[in-house]
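Residues per chain are reported as follows:
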Amino acid sequence: MLDLFVDSISSLIANAPPVGGGAVPLGPSGTGGGAGGAAPPQGGLPPWIFLAMFGFLAFLLVSSALAGRKEKKERQSMLDALGKNDKVQVAGMIGTIVELKNDHVVVKVDESNNTRITFVRGAIQNVLKSSKKRDSDADVVPEPEKIEA
């Protein structure tokens, strides 16, 4: 079975055309290049393709660096905006912030046992519910217009 496979592969290789594109037909003077003695075209890539590849690679590097910087800024603003009674996700656990210090946060993860765990501030993955009322969330009642008679 293996001999049959090897024989079929060797016959395919023997019947394959040469890598250079075949034999060059001889011209009237007996030299290569049948059409007026012009040299056959050279193989390879055009030189501008390398410049295009380098430009594309530079674009990818710059865009990924800018995206990473943007995400880092958003994360830092989230960590700076943390407050007491915020509901957060930390290391796969969901809890409520009880105490904030400079570099760590105390999170209550169980109401019934009053279980509190201290985490590094950077371990907070997501703020699920903020306790702060923002300007857009505040119940603002507009003052009625005074009509002068």
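Whatever comes next refers back to the structure up there.
These lines cover the structure that appears in this document, whether it is placed above or below.

Analysis parameters
Residues numbered from 1 in each chain as written. Predicted model: local features only at pLDDT ≥ 70, side-chain atom pairs only at ≥ 80, totals over all residues. Heavy atoms only, no water. Helix = DSSP H or I, 4+ residues; strand = E, 2+ residues; numbered from the N terminus. Buried < 20%, exposed > 50% of the residue type's maximum accessible area, 1.4 Å probe, protein only. Areas by Shrake-Rupley, 256 points an atom, 1.4 Å probe, with all protein chains shown as cover. Patch = residues over 30% accessible without salt bridge, like charges linked within 9 Å, V, L, I, M, F, W, Y side chains within 5 Å. Salt bridge = Lys/Arg side-chain N within 4 Å of Asp/Glu carboxyl O. Polar contact = N/O pair within 3.5 Å; in protein donor to acceptor, adjacent residues only side chain to side chain. Contact = heavy atoms within 4.5 Å. Lys, Arg positive; Asp, Glu negative; His and termini not counted. Pairing = 2+ DSSP bridges. Axes fitted to C-alpha atoms, helices over the stretch in contact; angles between N-to-C directions. Core = buried A, V, L, I, M, F, W, Y, C linked by side-chain atoms within 4.5 Å.

## Quick notes on the overall build of the protein chain
Counting its secondary structure elements, the protein chain contains 2 helices and 5 strands. In sequence order, the protein chain lays out its α and β elements as α-α-β-β-β-β-β. The buried share among the 149 residues of the protein chain stands at 13%. Summing over all exposed atoms, the protein chain offers an accessible surface of approximately 12,600 Å²; the carbon and sulfur share of this is 61%.

## Comments concerning a nonpolar patch on the surface
Taken together, Leu45, Phe50 and Met53 make up a surface patch of nonpolar side chains, about 350 Å² in accessible area. Mapping Phe50 onto the fold places it in helix α2 (residues 48–80).

## Focus: the side chain of Asp86
Looking at where Asp86 falls in the secondary structure, it is placed in the loop between α2 and β1 (87–90). At 2.8 Å, the side chain of Asp86 and the backbone nitrogen of Gly83 are in polar contact. Setting aside its immediate chain neighbours within four residues, Asp86 contacts Ala81, Gly95, Thr96, Ile97, Lys129, Ser130, Ser131 and Lys132.

## Topic: the side chain of Arg121
Mapping Arg121 onto the fold places it in the loop between β4 (115–120) and β5 (124–129). No salt bridge forms around the buried Arg121; measuring N to O, its nearest opposite-charge neighbour Asp80 is 4.9 Å away. Ignoring anything within four residues of it in the chain, the contact list for Arg121 reads Leu79, Asp80, Leu82, Leu100, Lys101, Asn102, Asp103, His104 and Val105.

## Some thoughts on the sheet that holds strand β2 (residues 93–100)
The strand order β4-β3-β2-β1-β5 describes an open sheet built from 5 strands, whose pairing is antiparallel. Edge positions in the sheet fall to β4 and β5, since each has one partner strand and no second. The sheet shows a mean angle of 45° between the axes of neighbouring strands, taken without regard to direction.

## Section: the nonpolar core
Grouped together as the largest cluster of nonpolar side chains are 10 residues: Met78, Leu79, Leu82, Val88, Val90, Ile97, Val105, Val107, Phe119 and Ile124. Only α2, β1 and β3 (104–110) provide two or more residues apiece to this core. Apart from the residues lying within four places of it in its own chain, the contact partners of Leu82 are Val88, Ile97, Leu100, Arg121, Ile124, Val127 and Lys132.

## With respect to the pairing of β4
Alignment of β3 against β4, held across 6 bridges, turns out to be antiparallel. Within the sheet, the bridge partner assigned to His104 lies in β4 and is Val120. Between β3 and the antiparallel strand that follows it, β4, lie 4 residues; Asn114 among them carries a positive phi value of about 55°.

## Observations concerning the pattern of salt bridges
For the structure shown, the criterion picks out 2 salt bridges. Lys101 is paired through a salt bridge with Glu99; the nearest N and O atoms lie 3.2 Å apart. According to the relative accessible area criterion, Glu99 is partly exposed, its value standing at 32%. The salt bridge involving Lys108 is made with Glu111; its shortest N-O contact spans 3.8 Å.

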